[in-house]
Amino acid sequence: MHPTYPNLFRPLDLGFTTLKNRVLMGSMHTGLEEHKDGMKALAAYFAERARGGIGLMVTGGISPNRQGWLIPFGAKLSARSEVAHHRTVTSAVHAEDGKICMQILHAGRYAAHPLLVAPSAIRAHISPFKPWEMSGRLVKATIDDFGTCAALARDAGYDGVEIMGSEGYLINQFIAPRTNKRTDDWGGSFENRMRFPLEVMRRVREKAGKDFIVIFRVSMLDLVEEGSSWEEVEQLALALEAAGATMLNTGIGWHEARIPTIATMVPRGAYAWVTQRLMGKLRIPLITTNRINTPEKAEEILREGYADMVSMARPLLADPYFMKKAEESRAEYINTCIACNQACLDHIFQRKDASCLVNPRACKEGTLSVPPPPATSQKIAVVGAGPAGLSASTELAALGHEVHLFEASNEIGGQFNMAKRIPGKEEFYETLRYFGKMIEKNGVHLHLNTRVDADFLIQQGFQEVVLATGVSPRVPQIEGIEHPKVLSYIDVLLHNKPVGKKVAVIGAGGIGFDVSVFLTDPGHEQAPVEAYREEWGIDAQYRQRGGLMPAVKEQVPREVWLLQRSKGKVGDRLGKTTGWAHRLTLKNRGVRMWSEVQYDKIDDAGLHITVKGQAQVLEVDNIVVCAGQHSLRALQEPLQAVGIPVHLIGGAKEAGELDAKRAIEEGWALAMRAGVFAKN
Ligand code: FAD
Ligand code: NAP
Ligand code: SF4
């Protein structure tokens, strides 16, 4: 029995095969699936995670036919000729003693191409295309395609398949009255609406054989109107078990739902209660999911009987060795997923390959190698312990250099020390904990409370200097900007300066939004999961279809105006998969978000503005400036003047379009450029 995580490391006997632990790596599209040489890259990606000790992995969605493509020419397995390149993945995983299932996903009306089909011709509001209604003959042919796809997956060496029946994709569209308005055998009564998923399940089992894992991902909580009722979820689960499913996985929320289900503001394990409603009702194992990102949380969920197994996806992108570190009781070394979506989901929506903000190596495993140790260890100064400096210093020290990390303040983290104070962004603390451990492990010499200048660095004889000094806030040229009412975001978030009841926020970028969330936080008394359910209108009693209820109006402590000069929707430049949730949070808290604002002056009366030609005064107690930043790189010139090589990363390099993803990636890439520091 494992001393720290006895439930997490308890093997799971499926009868014909045994999983070594209770973690499933949930399906994640990486973008590599669509590359010409993508299977090689995927093989390296999955092999590393198999080496990391994950019990069972699931691939990104692979379509059983052309209509089911997610995107034009998306990944598909419907012909024998496509089998061979999948073997690249399965053999790489098996060579590392891993197990892998292939997810079969038919996008239905979510497909981003004009061939899309659905049970009824109803367009999803998040999709540009109206689907074609499937004929009875096409429904039957599609069931056959699922079966063929599963049989081909078996031939390709997969240990099983996962049938994607949730998130609002085709199978879910048949189940829910929201999208199924058919009057034939495939629509109407629940018996008819669940005929398609059951026929798919039966055909897959029939074609793939008995000793093959078939996971069915059931949408247990649709979070949309006219979704399934709980009684229907239960009835479907029982019928799927009877039809031959090996395990049921939990699906939460359709893509079109207006409730964030995996973003960082969602509390850890916020949906385990949904799976628990089914526990004890079936004989097959149940898998729970969403915002489980530490071994402690996973162990707690298993121990308290919420599920038989936990699914984690992004946490294993962030750290392929999550399970190995947990097994060795070294959880504090795990590079924790902070649920930002910035490099994984946001990339996929922009049709870019996925990666990870905290682990820039993710999805590049096949193309990268760690540079060899340098011939001579260099004495390197890294100035600034924000995300860029932390990443560069820990990677350079790992390569064998003597690295000194200088930080002016009394703690590492730079701006992350403000980010972690934003309600709902507490996960950012984990990145600092991780880097703190890497500093120790890799032997970085850390000098806190040490603001350095060029003379000091020259005197100390550093051979190379990495400038990661970050940014300073931009002070806009507005008459009265020196008025005592005016605060910077640093005053508010780091120095705890008092803020009045009426506030104008100048600048609606990521920081302006975060400051507005901070200033309007209602400060809940209940447990975080309950508060989250009330805020977003999720009914744990499941009294209505889809599990929705009216959101509870929050008591907001301040009146806030969030302003920008440019045209267009406020918050338009926020992340694709999270921006809408930030906007909705502020809208629900009564924050007025105005664009096309001209700032005229600031005086005792407040902030004088002109909005679309109309002059007015916002009679506010404070004005918080969040108007972007300038780079801080004053040390560059004097160091270069005496011939010391200087490397700029993060905010010090460029303040525009700066975020932590770029800062961490630049620190890492600098260290990975083999030879840069080994020329002497
Ligand atoms: P910084 O984080 O600014 O670090 C620079 C460090 O250098 C500081 O610690 C400073 O004290 C030190 N320093 C400067 N001069 C010297 C000197 N001479 N000697 C010694 N030390 C010195 N980004 C995201 O990607 N996602 C988010 O959700 C997100 N949320 C944010 C929320 C808030 C409230 C804030 C303020 C920022 C947020 N960011 C976010 C932005 C992100 O934190 C920055 O992009 C990132 O911190 C930049 O990293 P950096 O290392 O370049 O600079
Ligand atoms: P930002 O995104 O560049 O936003 C700056 C804001 O200030 C803009 O709204 C801009 O809008 C306004 N502005 C610029 N110059 C101005 C001037 N002279 N006078 C008045 N207003 C001015 O920068 P940020 O909000 O400071 O964020 C910094 C970085 O951190 C960003 O890159 C961001 O991605 C990252 N971050 C990300 C998140 C996240 O959730 N992903 C959260 C926080 C921060 P107008 O020009 O229209 O007025
Ligand atoms: Fe997690 Fe953010 Fe990395 Fe995605 S990019 S895996 S959400 S830390």
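Scroll up for the structure.
Residues numbered from 1 in each chain as written. Chains lettered and ligands numbered in written order. Predicted model: local features only at pLDDT ≥ 70, side-chain atom pairs only at ≥ 80, totals over all residues. Heavy atoms only, no water.

Enquirer: Just to check I follow, could you spell out unusual backbone geometry for this structure?
Expert: Across the chain, the bulk of peptide bonds are trans and the bulk of non-glycine residues have phi less than zero. Even without being glycine, Glu226 reaches a positive phi, approximately 60°. Tracing the sequence through the fold places Glu226 in the loop between β9 (213-221) and α7 (230-242). For Glu226, a relative accessible area of 39% gives the class partly exposed. Phi is positive for Glu657, which is not a glycine, with a value near 60°. (Helix = DSSP H or I, 4+ residues; strand = E, 2+ residues; numbered from the N terminus. Buried < 20%, exposed > 50% of the residue type's maximum accessible area, 1.4 Å probe, protein only.)

Enquirer: Where do I start with the packing of aromatic side chains in this structure?
Expert: Two aromatic rings are characterised by how far apart their centres lie and by the angle between their planes. Scanning the model with the defined rule gives 12 aromatic pairs in all. With a centroid separation of 4.9 Å and an interplanar angle of 70°, the aromatic rings of Tyr45 and Phe46 are classed as edge-to-face. Residue Tyr45 shares its accessibility class with Phe46, and that shared class is buried. Ring geometry for Phe406 versus Phe462: centroids 5.8 Å apart, planes at 85°, classification edge-to-face. (Phe/Tyr/Trp six-rings, centres within 6.5 Å; stacked < 30°, edge-to-face > 60°.)

Enquirer: I tried to follow the site of ligand 2 on my own but got confused; where do I start?
Expert: Ligand 2 sits among 21 residues. The nearest are Ala508, Ile511, Arg565, Ser566 and Leu658. Gly509 places a main-chain nitrogen or oxygen 3.3 Å from an oxygen atom of ligand 2. Gln629 places a side-chain nitrogen or oxygen 3.1 Å from an oxygen atom of ligand 2. Computed on the free molecule, ligand 2 has an accessible area of 900 Å², of which 75% lies beneath the protein chains in the complex. Broken down by element, the residue count for the shell around ligand 2 peaks at 3 residues, all from helix α18 (residues 510-519). (Near = heavy atom within 4 Å. Polar contact = N/O pair within 3.5 Å; in protein donor to acceptor, adjacent residues only side chain to side chain. Areas by Shrake-Rupley, 256 points an atom, 1.4 Å probe, with all protein chains shown as cover.)

Enquirer: Would you mind showing me how to read the sheet that holds strand β10 (residues 247-252) here?
Expert: Hydrogen bonding along the main chain pairs the strands of a sheet, whether they run parallel or antiparallel. Here we have 8 strands rolled up into a closed barrel, ordered β3-β4-β5-β8-β9-β10-β11-β12, and parallel in their pairing. When strand polarity is set aside, the average angle formed by the axes of neighbouring strands in this sheet is 30°. Where β9 meets β10, 6 bridges bridge the pair, whose relative direction is parallel. Across the sheet, the residue bridging to Arg217 is Asn249, located in β10. (Pairing = 2+ DSSP bridges. Axes fitted to C-alpha atoms, helices over the stretch in contact; angles between N-to-C directions.)

Enquirer: Explain the nonpolar core here, please?
Expert: Among soluble globular proteins, nonpolar side chains are generally buried collectively. Core analysis: the biggest nonpolar cluster contains 156 residues, and Phe196, Leu248 and Tyr271 have the highest contact counts within it. When residues of this core are assigned to domains, at least three map to each of domain 1 (12-349) and domain 2 (379-472 + 630-674). Counting residues in each nonpolar core, the second largest holds 23 residues, with Met418, Val503, Val505 and Val570 among its members. (Core = buried A, V, L, I, M, F, W, Y, C linked by side-chain atoms within 4.5 Å. Domains from an automatic or database assignment.)

Enquirer: How do you make sense of the site of ligand 3 when you look at a structure like this?
Expert: Neighbouring ligand 3 are Arg314, Leu317, Cys337, Ile338, Ala339, Cys340, Asn341, Ala343, Cys344, Cys356 and Leu357. Taken together, the residues of the shell around ligand 3 sort by class into 9 nonpolar, 1 polar and 1 charged. (Nonpolar A, V, L, I, M, F, W, Y, C, P; charged D, E, K, R; others polar.)

Enquirer: I tried to follow the environment of Ala408 on my own but got confused; where do I start?
Expert: Along the chain, Ala408 falls in the loop between β14 (402-406) and α14 (416-419). By relative accessible area, which is 34% here, Ala408 ends up partly exposed. With near-sequence residues (within four places) excluded, Ala408 lies in contact with Asn449, Thr450 and Arg451. (Contact = heavy atoms within 4.5 Å.)

Enquirer: Is there a simple way to explain the sheet that holds strand β16 (residues 464-467) in this structure?
Expert: One open sheet accounts for 5 strands, arranged β15-β14-β13-β16-β27; its pairing is parallel. Single-partner strands in this sheet number two, and they are β15 (445-447) and β27 (646-648). Between one strand axis and the next, the sheet turns through 20° on average, direction left out of account. Direction of pairing for β14 relative to β15: parallel, over a ladder of 3 bridges. Paired with Leu405 across the strands is Leu446, a residue of β15. Sheet strands touched by helix α13 (residues 387-398): β13 (379-383), β14 and β16. Its angle to β14, the strand with the most contacts, is close to 160°.

Enquirer: Where do I start with the side chain of Arg314 in this structure?
Expert: Mapped onto the elements of the fold, Arg314 is located in helix α10 (residues 314-318). Buried and without a salt bridge, Arg314 has Glu427 as its closest oppositely charged side chain, separated by 8.4 Å. If we ignore the near neighbours within four places in the chain, the residues touching Arg314 are Met28, Ile262, Arg291, Cys337, Ala339, Asn341 and Cys344. (Lys, Arg positive; Asp, Glu negative; His and termini not counted. Salt bridge = Lys/Arg side-chain N within 4 Å of Asp/Glu carboxyl O.)

Enquirer: What should I look at first to understand helix α1 (residues 38-51) in this one?
Expert: In an α-helix, one turn spans 3.6 residues, which is why side chains three or four residues apart end up on the same side. With 14 residues, α1 should cover 20 Å at 1.5 Å per step; its first-to-last C-alpha distance of 20 Å lies within 8% of that length. Burial of α1 is extensive: 11 of the 14 residues sit out of reach of the surface. Of the residues making up α1, those classed as buried are Gly38, Met39, Ala41, Leu42, Ala43, Tyr45, Phe46, Ala47, Glu48, Arg49 and Ala50. Each element contacted by the buried residues of α1 is listed here: β3 (23-25), β4 (56-62), α2 (83-95), β5 (100-104) and α10. Immediately downstream of α1, the backbone of Gly53 shows phi near 90°, a positive value. (Expected span 1.5 Å × (residues − 1).)

Enquirer: So what exactly am I meant to see when it comes to the pairing of strand β20 (residues 559-563) here?
Expert: The buried count for β20 comes to 4 of 5 residues, which makes it a mostly enclosed element. In this sheet, β20 lies alongside strand β19 (residues 502-506) in parallel orientation, the contact comprising 5 bridges. Within β20, the residue paired with Val503 across the bridge is Val560. The pairing of β20 with strand β21 (residues 592-594) spans 3 bridges and is classified as parallel. Note that in β21 the partner of Leu563 across the bridge is Trp594. In this view, the connection linking β20 to its parallel neighbour β21 by way of helix α20 (residues 579-588) has right-handed handedness. (Right-handed = clockwise from strand over helix to strand, strands pointing away.)

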